[in-house]
Amino acid sequence: MTEGEKLIPVDIGDEMKSAYIDYSMSVIVSRALPDVRDGLKPVHRRVLFGMYELGVLSNKAYKKSARIVGEVLGKYHPHGDSPVYETMVRMAQPWSLRYMLVDGQGNFGSVDGDSAAAMRYTEARMRKISEDMLADIEKETVDHQLNFDDTLQEPTVLPTRIPNLLVNGSSGIAVGMATNMAPHNLSEVVDGTIAYIDNPEIEIDELIKYIKAPDFPTGGIIYGYEGVREAFKTGRGRVVMRAKADIQEVKGRECIVVTEIPYQINKALMVKQTADLIKEGKLDGIAEIRDESSGREGMRIVYVLKRDAVSNVVLNNLFKHTALQSSFSVNNIALVKGRPQLLNLKELIHYFVEHRYDVVYRRTQFELRKAQERAHILEGLIIASDNIDEVIAIIRSSESPEVARTRLMERFNLSEIQSRAIVEMRLRQLTGLEQDKLRAEFEELKKLIVDLEDILARKERRTEIIKEELLEIKEKYGDVRRSQIEYAGGEFSVEDMIPDETMVITITHAGYIKRTSLNEYKTQNRGGVGQKASNTRDQDFLEHLFVSSNHQYMLFFTQKGKCFWMRVYEIPEGGKTAKGRAIQNLINIEQDDKVKAFVSVQNLKDEEYINNNYLIMATKQGIVKKTLLEQYSRPRQNGINAITIKDGDELLEAKLTSGRSQLMLAVKSGRAIRFEEEKVRAVGRNSQGVRGIDLDVENDEVIGMIAIENPLEETVLVVSENGYGKRSYIDEPETGEAVYRITNRGGKGVKTISITEKTGNLVAIKSVLPGEDLMIINKSGIAIRLPIDDLRIMGRATQGVRLINIKGNDSIAAVAKVMKEDEEEETVSEENQNPETENNV
């Protein structure tokens with residue numbers, strides 16, 4: 001121990017506690033947490049201020065990144081060069097920041113996790129938005145502090161016009177706490193901030209109408225709203241993010257195409273992990289993954305599906321097992337007056353607005369002081385110009401400038417500043433024109449001083465200035481939202497977000513569905529040229545057409561007796577020429593199941609409606625079941641049991657009825673039975689139903705069911721497998737006599753077509769009206785379209801006429817009515833919207 005030194009015993013526990021508290025406070029305040037006012041951590045603030053001081057503005061040439069990093073490192077941030085450069089790189093990445101603050105030139109990394117090129121290779125400059133964060137910094141708007149070696153001044157906060165903490169978010173891990181703040185849309189944040197300024201008592205529920213949800217730079221879908229609402233109200237919440245995925249057909253193969261991924265997800269790593277899951281057998285149905293992303297086309301990840309895969313099921317599995325669905329845990333901790341604090345949405349806006357009030361006040365004070373100083377000098381110059389001869393005489397007769405200044409001060413009662421300005425005045429200011437300019441400038445300054453004093457005196461003026469500047473920022477940098485919001489699962493009623501427009505729902509024979517706004521169907525007179533209708537696939541055609549509103553429901557019934565539901569607004573929207581999406585990709589249907597019937601219903605929450613309408617189902621084995629619609633008013637995502645199906649049986653038809661219609665079932669042996677719907681007792685969902693027709697012929701089965709509302713107007717069309725068919729009256733229109741007599745259910749029925757070896761078995765029964773068209777498809781794929789009016793009405797016991805020539809072992813596969821949307825000169829109107837008749841197709 002050297003002379004003069006002494007040892008002081010210290011308890012190591014106390015020393016570690018003290019040192020760790022100092023360290024943790026330093027990390028919290030000077031490294032990891034953003035300031036609530038400008039949304040920046042010290043390193044971000046120093047990078048931007050360093051660039052500003054260096055003069056690399058948005059309208060100047062790029063400078064080497066190494067030069068900028070050196071400037072920041074040497075003057076303000078005495079740490080490693082890597083953190084400074086990495087900070088600058090992140091501020092230049094479009095997938096990292098919602099509104100980039102640095103304009104980078106060169107390789108600044110990629111969304112695949114590639115790092116940026118070394119700082120000696122890249123160049124950078126400020127973006128225009130960054131300049132607005134530093135605007136007015138030279139007007140003493142913010143406090144400055146000494147840098148690390150006490151040689152320079154640096155700002156403690158930026159006088160930002162941008163609500164940066166909300167629009168760009170922030171993340172950081174301090175000691176004992178962390179922050180993770182989501183980015184938001186600038187236009188929405190400005191609207192919300194102005195709403196707060198107008199009404200500081202505004203509730204967060206009101207603010208949510210302006211600032212709807214986070215808006216991530218990578219887009220994607222915010223899935224569910226409860227986490228967003230929680231984060232806005234408390235400062236903490238979990239926002240579920242999903243990739244934007246579409247099911248498309250690429251080169252004849254069904255594919256899932258991802259064009260936007262969740263925020264902060266490494267794309268390359270996600271693709272690799274998905275491939276590993278496929279190899280391990282944890283993900284089925286994917287044949288190949290291709291990353292087709294490019295700088296020009298943007299992001300595109302293609303999951304090629306196997307032939308037997310159900311795309312909807314595969315997509316759900318991808319969301320479940322991979323980063324295509326991930327969550328963002330919001331934790332709004334920021335520094336408020338140097339202390340970490342958990343903040344909700346309103347508080348974040350409040351502190352930004354407070355900062356803007358402070359900046360505007362200090363800026364106005366500075367501008368007033370400068371204006372007053374200049375006015376003071378001008379006042380002296382004007383006095384001098386009014387007494388120019390005497391002023392010149394005093395100056396000429398003085399021994400030195402100091403003496404001249406003193407004599408002028410005494411003679412004209414001037415201040416030292418005024419007399420100095422007069423002595424230093426140039427000769428050209430003695431001209432008349434220059435003197436006029438002095439007076440004009442002085443008058444303008446007097447008006448400016450009055451205005452600035454008014455701003456300082458009245459808060460309303462400062463409020464207007466803040467609002468104007470915010471609207472200017474919105475005009476310059478505002479853009480549309482990138483992240484879509486799916487409100488499913490939240491208290492927010494999705495109906496509130498979707499207009500209840502009238503839509504036309506079309507379903508093709510091959511099972512493709514879409515909805516189109518009724519406005520696309522322009523009314524035309526008969527004989528018009530018409531508009532091009534749906535681009536259906538080869539051998540496909542429109543079989544079902546419904547007119548419903550967005551808030552109504554579609555029910556889908558499968559051959560295994562399951563019922564699935566979908567709101568009309570959930571059906572993919574497409575123009576008149578779009579072919580739509582395959583139904584099995586929209587609902588969670590089993591692979592060996594098939595949709596057999598569609599029913600459009602109105603509001604399932606309308607008690608009167610659901611308790612006065614029924615669903616009638618029929619199976620191949622002749623079972624008929626009637627259930628009150630109320631039983632289907634609480635469907636689940638994975639479907640519900642609509643009818644219990646025995647082994648060897650399957651559901652054929654489902655119709656929505658009023659309870660007063662007549663039912664007709666036909667069997668392949670050529671018989672049909674007609675009975676009143678009232679004869680079928682309503683039962684619960686899990687029941688099997690009752691016998692509708694007696695199948696006394698071996699291997700006989702039901703081929704169809706129709707529900708009859710107007711027996712005098714409708715006719716029955718029957719078609720046999722070898723191409724024979726005919727129309728018959730249900731009741732004779734002239735006499736009212738029943739052609740198909742009404743019997744009790746469960747009987748054998750009456751002959752509806754004479755079945756012979758030549759005709760083959762009965763394959764279809766339809767209820768038809770004059771003016772409709774019929775489409776007949778053979779198993780070989782040949783289709784023929786016939787006008788119903790070309791088929792004359794015949795007796796029910798005849799074998800009918802040949803509708804289509806059958807060659808060889810071919811036979812009829814399907815018979816359907818063609819909906820009128822497919823015809824050039826027909827139009828669709830809201831008159832079609834009758835739930836009791838529109839489904840009898």
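Residues numbered from 1 in each chain as written. Predicted model: local features only at pLDDT ≥ 70, side-chain atom pairs only at ≥ 80, totals over all residues. Heavy atoms only, no water.

Caption draft 1: Quick look at the pairing of strand 9 (residues 236–242). Within strand 9, five of the seven residues are buried, which leaves the element mostly enclosed by the surrounding structure. Sheet topology places strand 8 (residues 221–223) next to strand 9; two bridges connect them, and they run antiparallel. Each bridged residue has a counterpart across the sheet, and for I222 the counterpart in strand 9 is M241. Looking at chain direction, strand 9 and strand 14 (residues 325–331) are connected through seven bridges and run antiparallel. Within strand 14, the residue paired with M241 across the bridge is S326. (Buried < 20%, exposed > 50% of the residue type's maximum accessible area, 1.4 Å probe, protein only. Helix = DSSP H or I, 4+ residues; strand = E, 2+ residues; numbered from the N terminus. Pairing = 2+ DSSP bridges.)

Caption draft 2: Looking closely at the pattern of salt bridges. Enumeration over the complete set of coordinates arrives at 57 salt bridges. For K75, the salt bridge goes to E71, with nearest N and O atoms at 2.6 Å. Of this pair, K75 and E71 both sit in helix 3 (residues 65–75), four residues apart, which is roughly one turn of that helix. A residue is classified by how much of its surface remains accessible, and K75, at 27% relative accessible area, is partly exposed. (Salt bridge = Lys/Arg side-chain N within 4 Å of Asp/Glu carboxyl O.)

Caption draft 3: Fine view of the domain arrangement of the chain. When the domains of the chain are assigned, the result is domain 1 (41–156), domain 2 (244–323), domain 3 (358–477) and domain 4 (603–819). Computed over C-alpha atoms, the centres of domain 1 and domain 4 are 75 Å apart. (Domains from an automatic or database assignment.)

Caption draft 4: Molecular detail of a nonpolar patch on the surface. A surface patch of nonpolar side chains, amounting to about 240 Å² of accessible area, comprises I21, M25 and V29. Relative to the elements of secondary structure, V29 occurs in helix 1 (residues 12–32). Judged by relative accessible area, V29 falls into the partly exposed class, the value being 30%. (Patch = residues over 30% accessible without salt bridge, like charges linked within 9 Å, V, L, I, M, F, W, Y side chains within 5 Å. Areas by Shrake-Rupley, 256 points an atom, 1.4 Å probe, with all protein chains shown as cover.)

Caption draft 5: How the structure looks around the packing of aromatic side chains. Applying the stated criterion across every chain, the model contains eight aromatic pairs. With a centroid separation of 6.0 Å and 35 degrees between ring planes, the pair formed by Y263 and F328 is classed as tilted. Of this pair, Y263 sits in the loop between strand 11 (253–260) and helix 10 (267–279) while F328 sits in strand 14, and the two are 65 residues apart along the sequence. When the ring of F557 is compared with that of Y632, the centres are 6.1 Å apart and the planes differ by 70 degrees; the resulting orientation is edge-to-face. Within this pair, whereas F557 is found in strand 21 (residues 553–558), its partner Y632 is found in the loop between strand 26 (623–628) and strand 27 (640–641), the two being separated by 75 residues in sequence. Across the pair, Y632 and F557 agree in class, each one buried. Among the aromatic residues, those joined into a cluster by ring pairs are F216, Y263 and F328. The lysine or arginine in question, R125, covers the ring of Y62, its NZ or CZ lying 4.1 Å from the ring centre. Over the ring of Y614 we find K626, and its NZ or CZ is 4.4 Å from the ring centre. (Phe/Tyr/Trp six-rings, centres within 6.5 Å; stacked < 30°, edge-to-face > 60°. Lys NZ or Arg CZ within 6 Å of the ring centre and 35° of its normal.)

Caption draft 6: Focus on the packing of helix 3 against helix 4 (residues 81–90). As a packed pair, helix 3 and helix 4 sit with axes 10 Å apart at the nearest point and diverge in direction by 120 degrees. Between helix 3 and helix 4, the interaxial angle falls into the category oblique. Two packed elements cross with a definite hand, and for helix 3 against helix 4 that hand is right-handed. Touching S65, I68, V69, V72 and L73 of helix 3 are D81, V84, Y85 and M88, all from helix 4. Looking at side-chain class alone, the contact of helix 3 with helix 4 contains seven nonpolar, one polar and one charged residues. (Axes fitted to C-alpha atoms, helices over the stretch in contact; angles between N-to-C directions. Parallel < 35°, antiparallel > 145°, perpendicular 65-115°, else oblique. Left-handed = near helix turned anticlockwise from the far one by under 90°. Contact = heavy atoms within 4.5 Å. Nonpolar A, V, L, I, M, F, W, Y, C, P; charged D, E, K, R; others polar.)

Caption draft 7: Molecular detail of the sheet that holds strand 22 (residues 562–567). Spatial ordering of the open sheet is given by 24-21-22-27, a layout of four strands whose pairing is antiparallel. Looking along the sheet, the strands with just one partner apiece sit at the ends: strand 24 (595–601) and strand 27. The sheet contact formed by strand 21 and strand 22 spans five bridges and is antiparallel. Its bridge partner lying in strand 22, F557 is registered against C563.

Caption draft 8: How the structure looks around the packing of helix 14 (residues 401–412) against helix 15 (residues 416–423). Running from amino to carboxyl end, helix 14 crosses helix 15 at an angle of 125 degrees, the nearest separation of the two axes being 9 Å. Our classification of the angle between helix 14 and helix 15 gives oblique. Every pair of crossing elements has a handedness; the one defined by helix 14 and helix 15 is right-handed. Note on element contacts: helix 15 touches helix 14 through E416, S419, R420, I422 and V423, opposite P401, A404, R405, L408 and M409. Split by residue class, the contact of helix 14 with helix 15 holds six nonpolar, one polar and three charged.

Caption draft 9: Representation of unusual backbone geometry. The phi angle at D150 is positive, at roughly 60 degrees, despite the residue not being glycine. Locating D150 in the fold gives a position in the loop between strand 4 (144–146) and strand 5 (153–155). With relative accessibility at 53%, the residue D150 sits in the exposed group. Even without being a glycine, Q264 presents a positive backbone phi close to 65 degrees. Here Q264 shows up in the loop between strand 11 and helix 10. Taking the relative accessible area as the measure of exposure, Q264 reaches 48% and is therefore partly exposed.

Caption draft 10: The arrangement of the environment of S398 in detail. As for its position among the elements, S398 is in the loop between helix 13 (388–397) and helix 14. What makes S398 buried here is its relative accessible area of 13%. Sequence-distant contacts of S398, defined by excluding residues within four places in its chain, comprise V403, A404 and R407.

Caption draft 11: Layout of the side chain of K41. Of note, K41 is situated in the loop between helix 1 and helix 2 (42–54). Polar side-chain contacts of K41 include one of 2.4 Å to the backbone oxygen of S171. Ignoring anything within four residues of it in the chain, the contact list for K41 reads R31, A32, L33, P34, S170, S171 and G172. (Polar contact = N/O pair within 3.5 Å; in protein donor to acceptor, adjacent residues only side chain to side chain.)

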